[in-house]
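# Structure assessment
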Amino acid sequence: MKTSRIPGFYNMDVAERRKILTDMELFTNEETEFLFSKEALQVETADNMIENVIGTYPLPLGLGLNFLVNGKEYAVPMAIEEPSVVASASYIAKIVRNAGGFKTEATDRVMIGQIQVVGCPDIQAAKKILMDKRDSIIKDANAAYPSLVARGGGAEDIEVRILNEDSDSTFNQMLVLHVYVNTCDAMGANIINTMVESLAPKIEMLTEGKVYLRILSNLPDRCLARSRCVIPSELLASDGYSGEEVRDGVIQAYEFAATDPYRAVTHNKGIMNGIDPIVIATGNDWRAVEAGAHAYAVRDGHYGSMTRWSKDNDGNLVGELELPMSVGTVGGSIRVHPMSKVSHKILGVESARELAQVIVSVGLAQNLGALKALVTDGIQKGHMALHSRSVAIAAGATGELINIISQQLIDKKDIRIGKAKELVEEYTK
Ligand code: NDP
């Protein structure tokens with residue numbers, strides 16, 4: 001993307017927005033027509049993706065604009081049904097780009113496979129044997145997936161833990177082997193499951209125990225992405241609120257979420273409002289990302305805020321987000337779903353590490369969008385105005401009437417389906 005700054009995008013119609021993507025030479029006219037056709041995901045393709053298919057379930061796909069991450073422009077494809085999320089992300093991304101953009105980094109993409117061993121006659125001896133056989137276990141894991149090794153990835157390390165060591169009963173004592181695997185640009189669940197299943201007989205032989213579970217862990221805490229922004233407070237000022245007031249409100253809102261799980265869960269849901277849509281749009285497994293993110297937020301035993309907001313010595317607002325990010329640019333349905341291919345083309349990321357860094361930046365932006373609204377006008381003003389169109393449609397409005405009813409609901413400050421039904425009846429009788 002040459003630029004993610006497209007002034008007036010919001011006010012264009014869908015055809016004009018698509019034309020911009022064609023004008024930017026992201027797509028040819030034919031591609032645009034095919035890719036954005038009503039049935040982009042053909043039911044035949046869907047039937048090969050999951051079981052018992054009866055149709056497809058489309059979601060709106062919007063573009064989060066203005067994102068500048070490590071100096072690179074990103075228009076972010078976001079698949080989501082909830083109004084105001086895309087607008088809020090784009091609004092905050094514009095503020096952050098005026099402050100220099102998001103600065104990000106990521107670890108190598110090291111995912112975890114777990115093997116559970118029970119009934120070892122001597123659990124301590126079994127642990128020692130596995131550690132002594134580290135190199136041979138890694139070698140065997142890699143033999144199960146040589147193509148990954150050829151790409152520069154593969155199993156790199158192991159760890160052995162004993163669970164319920166102090167238990168009176170040996171029944172619930174177990175040994176857990178972690179196999180750490182660099183899955184390159186794949187999310188890696190299938191790769192890892194193949195590896196750990198292939199290791200199971202060897203592990204049983206070495207430990208004299210019984211292997212039950214062999215599967216990926218969805219808490220990949222060696223596969224992290226971090227994003228940071230530093231915003232001069234004057235960029236945060238909005239109608240009737242000074243920048244300092246907004247900055248301090250955001251920090252206080254963060255302190256609330258950091259301390260109170262009841263608040264943290266809503267705060268974090270707001271972060272996932274930004275993360276899930278790009279994860280979905282890029283064909284990734286959003287349940288895996290959700291599970292990992294929430295588990296990471298409680299890693300020290302207390303469920304708190306995923307983000308951190310503070311003030312630096314110059315009075316700037318500083319935002320940081322670090323999360324495990326089990327996403328890929330290949331594998332699963334990524335190269336199967338046509339809209340996922342479109343999203344990757346728009347986004348222009350070259351690796352899963354790069355994708356992960358954009359995703360956490362969107363999560364950070366989304367969090368600030370929600371907090372800024374909450375500490376100023378409240379969330380409902382902007383949210384309900386955008387929601388009014390869905391309310392009008394739910395009440396039966398179609399075509400031109402959607403705009404008319406939606407505007408009436410906003411003017412009357414009564415954005416409810418009951419009111420919308422009354423208005424639809426009035427206009428259509
Ligand atoms: P795949 O099984 O599709 O594996 C990825 C494939 O991509 C590899 O086999 C590799 O094939 C190929 N590939 C091409 N280029 C690269 C590259 N640069 N880096 C890495 N691989 C490359 O998918 P995943 O293993 O990623 O598994 C993801 C899927 O697993 C998702 O659909 C997820 O929903 C699902 N899943 C999730 C679970 C969980 O989260 N707990 C559990 C089970 C499944 P080759 O080397 O042969 O070319």
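All figures in this text were calculated on a predicted structure; none of them were measured in a lab.

### Side note on the pairing of strand E4 (residues 110-118)
Counting buried positions along E4 yields 8 of 9 residues, so the element is predominantly enclosed. Summarising the sheet, E4 and strand E6 (residues 174-182) pair through 9 bridges and their orientation is antiparallel. Of the residues in E6, the one forming a bridge with methionine 111 is valine 181. Here 5 bridges tie E4 to strand E7 (residues 210-216), and the two strands are oriented antiparallel to one another. Its bridge partner being in E7, glycine 113 is matched across the sheet by leucine 216.

### Regarding the sheet that holds strand E10 (residues 317-324)
Read across the open sheet, the 4 strands follow the order E3-E8-E10-E9; overall the sheet is antiparallel. Each edge of the open sheet carries a strand with a single partner, namely strand E3 (103-106) and strand E9 (307-311). Sheet twist, expressed as the mean angle between neighbouring strand axes with direction ignored, is 15°. Bridge count for strand E8 (residues 224-231) against E10 is 8 bridges, and the pairing is antiparallel. In the strand pairing of E10, alanine 225 is matched with leucine 323. Lying on the sheet, helix H11 (residues 286-297) is in contact with E8 and E10; it crosses E10 at an angle near 120°.

### What to know about the nonpolar core
Phe67, Val76, Ile275, Trp309, Leu323 and Met325 are the most contacted members of the largest nonpolar core, which has 54 residues in total. Counting residues per element, this core draws most heavily on helix H13 (residues 352-374), which supplies 10 residues. Setting aside chain neighbours within four positions, we find leucine 323 in contact with Cys223, Leu224, Ala225, Ile275, Ala293, Tyr296, Met306 and Val360. Core analysis: the next-biggest nonpolar cluster, separate from the first, contains 35 residues, Ile123, Val179, Val181 and Val196 among them.

### Some details on empty space enclosed by the protein
In total, this model carries 1 cavity of 30 Å³ or more according to the counting rule given. The calculated volume of the largest cavity comes to roughly 40 Å³. Lining the largest cavity are Ala106, Thr107, Asp108, Arg109, Cys223, Leu224, Ala225, Met325, Arg353 and Ala356. Mapped by element, the contributors of at least two residues to the lining of the largest cavity are E8 and H13. Residue classes in the lining of the largest cavity are distributed as 6 nonpolar, 1 polar and 3 charged.

### A closer look at the packing of helix H14 (residues 380-394) against helix H15 (residues 400-411)
Remark: H14 packs on H15, axes separated minimally by 8 Å, with the N-to-C direction vectors making an angle of 130°. Classified by the interaxial angle, the pair formed by H14 and H15 is oblique. Two packed elements cross with a definite hand, and for H14 against H15 that hand is right-handed. On H15, the residues that touch Ala385, Ser388, Arg389, Val391, Ala392 and Ile393 of H14 are Ile402, Asn403, Ile405, Ser406, Leu409 and Ile410.

### Brief notes about the site of the ligand
Every one of the 20 residues lining the ligand counts as a neighbour, but Tyr145, Ser147, Arg151, Gly188 and Asp285 are closest to it. One of the backbone N or O atoms of asparagine 190 is found 3.0 Å from an oxygen atom in the ligand. One nitrogen or oxygen atom from the side chain of asparagine 218 is found 2.9 Å from a nitrogen atom belonging to the ligand. For the ligand, whose free accessible area comes to 940 Å², the fraction covered by protein is 69%. Of the residues forming the shell around the ligand, the biggest block, 4 residues, is contributed by helix H8 (residues 189-207). Of the residues that constitute the shell around the ligand, the class distribution is 9 nonpolar, 8 polar and 3 charged.

The rules behind the values
- Residues numbered from 1 in each chain as written.
- Predicted model: local features only at pLDDT ≥ 70, side-chain atom pairs only at ≥ 80, totals over all residues.
- Heavy atoms only, no water.
- Buried < 20%, exposed > 50% of the residue type's maximum accessible area, 1.4 Å probe, protein only.
- Helix = DSSP H or I, 4+ residues; strand = E, 2+ residues; numbered from the N terminus.
- Pairing = 2+ DSSP bridges.
- Axes fitted to C-alpha atoms, helices over the stretch in contact; angles between N-to-C directions.
- Contact = heavy atoms within 4.5 Å.
- Core = buried A, V, L, I, M, F, W, Y, C linked by side-chain atoms within 4.5 Å.
- 1 Å grid on protein atoms, 1.4 Å probe; cavity = no way out; pocket = protein on both sides within 12 Å on 5 of 7 lines; lining within 4 Å.
- Points joined across faces, edges and corners; volume = space filled by probe spheres on them.
- Nonpolar A, V, L, I, M, F, W, Y, C, P; charged D, E, K, R; others polar.
- Parallel < 35°, antiparallel > 145°, perpendicular 65-115°, else oblique.
- Left-handed = near helix turned anticlockwise from the far one by under 90°.
- Near = heavy atom within 4 Å.
- Polar contact = N/O pair within 3.5 Å; in protein donor to acceptor, adjacent residues only side chain to side chain.
- Areas by Shrake-Rupley, 256 points an atom, 1.4 Å probe, with all protein chains shown as cover.

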